[in-house]
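# What the coordinates show
Listed below are the residues making up each chain.
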Amino acid sequence: MDYAAALLDQTHAFGELFRAGDPDLAIPTCPEWNLNRLFRHYGRGNRWSAQIVADQMDGPLDPRAVLDGKPPAETAAAIDWLNDGAQRVLDAVAETGPNTPVWTFLGPRPASWWVRRRLHEATVHRADAALAHGGEFTLEPELAADGISELLDLMPAVVARNADAVPLAEGQSVHLHATDDGLGPTGE
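These notes cover the structure that comes with them.

Parameters and conventions
Residues numbered from 1 in each chain as written. Predicted model: local features only at pLDDT ≥ 70, side-chain atom pairs only at ≥ 80, totals over all residues. Heavy atoms only, no water. Helix = DSSP H or I, 4+ residues; strand = E, 2+ residues; numbered from the N terminus. Expected span 1.5 Å × (residues − 1). Buried < 20%, exposed > 50% of the residue type's maximum accessible area, 1.4 Å probe, protein only. Contact = heavy atoms within 4.5 Å. 1 Å grid on protein atoms, 1.4 Å probe; cavity = no way out; pocket = protein on both sides within 12 Å on 5 of 7 lines; lining within 4 Å. Points joined across faces, edges and corners; volume = space filled by probe spheres on them. Nonpolar A, V, L, I, M, F, W, Y, C, P; charged D, E, K, R; others polar. Axes fitted to C-alpha atoms, helices over the stretch in contact; angles between N-to-C directions. Parallel < 35°, antiparallel > 145°, perpendicular 65-115°, else oblique. Left-handed = near helix turned anticlockwise from the far one by under 90°.

## Topic: helix α4 (residues 113–132)
An ideal rise of 1.5 Å per residue puts 28 Å on 20 residues; α4 measures up with 29 Å between its terminal C-alpha atoms. With 18 of 20 residues buried, α4 lies mostly within the body of the structure. Taken from the residues just after α4, G134 is the one with a positive phi, measuring 85°.

## Points about helix α3 (residues 75–96)
The first and last C-alpha atoms of α3 sit 31 Å apart over 22 residues, in line with the 32 Å expected at 1.5 Å per residue. Of the surrounding secondary structure, the elements contacted by the buried residues of α3 are α1 (3–20), α2 (35–54) and α4. G97 sits one or two positions beyond α3 and adopts a positive phi of about 105°.

## Thoughts on the layout of surface pockets
A volume near 820 Å³ is recorded for the largest pocket. For the largest pocket, the lining is made up of 30 residues, of which H41, F105, R117, E121 and L154 are closest to its centre. Every element with two or more residues in the lining of the largest pocket is listed here: α2, α4 and α5 (141–161). Sorting elements by how many residues they give to the lining of the largest pocket places α5 first, with eleven residues. Across the lining of the largest pocket, the residue classes tally to 17 nonpolar, five polar and eight charged. The volume enclosed by the second largest pocket comes to roughly 400 Å³. The wall of the second largest pocket is formed by 16 residues, among which A145, I148, H177, A178 and D180 lie closest to the centre. Tallied by class, the residues present in the lining of the second largest pocket amount to eight nonpolar, five polar and three charged.

## What about the packing of α2 against α3?
Each packed pair of helices is defined by two parameters, the angle between the axes and the distance between the axes. At a closest axis distance of 8 Å, the pairing of α2 and α3 adopts a crossing angle of 20°. It follows that α2 is roughly parallel to α3 by the angle criterion. For the crossing formed where α2 meets α3, the hand is left-handed. Facing F39, R40, Y42, G43, R44, N46, R47, S49, A50, V53 and A54 of α2, the residues of α3 in contact are A78, I79, W81, L82, D84, G85, A86, R88, V89, A92, V93 and T96. Each residue belonging to the contact of α2 with α3 can be placed in one class, and the counts come to 13 nonpolar, five polar and five charged.

Okay, here's the thing in structure tokens:
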């Protein structure tokens, strides 16, 4: 999968949902957030991770210290800011070197780790925006499957950081079932 191209595509699609929406539109999947806050969160997150990579940080970056961390007020300029942030992630990885270790919330990882992470952040928040608009949301099967794989990779860290998270009780399991046509037993 070409994570870089997918990151740019998903970011662009998210920007178009922002353009088409009311900035005050409530985001039911992110309680107490509106479309504008979701947009700022995702856009700043790209610049945050790009700065971590570019500076080869070995510790977290305070989100308030992100360079150019606030979008312009005008919609078209804000969307340019959003798209530029995704490109900054790719540029930082290319300039730093994809295998250069940098800080992540999972511990040190290769800089390229951030491209996949930001891609799946884009897909999730594009889904948030699409659903808030009352629209449908689908992903290509390969991208959706990779998103599930990434989530499973992140789960131990999420559980460790969230004291309220309760792992499954002994004997319980989670079943994921793909609904794409023609998968047969592969969809299980």
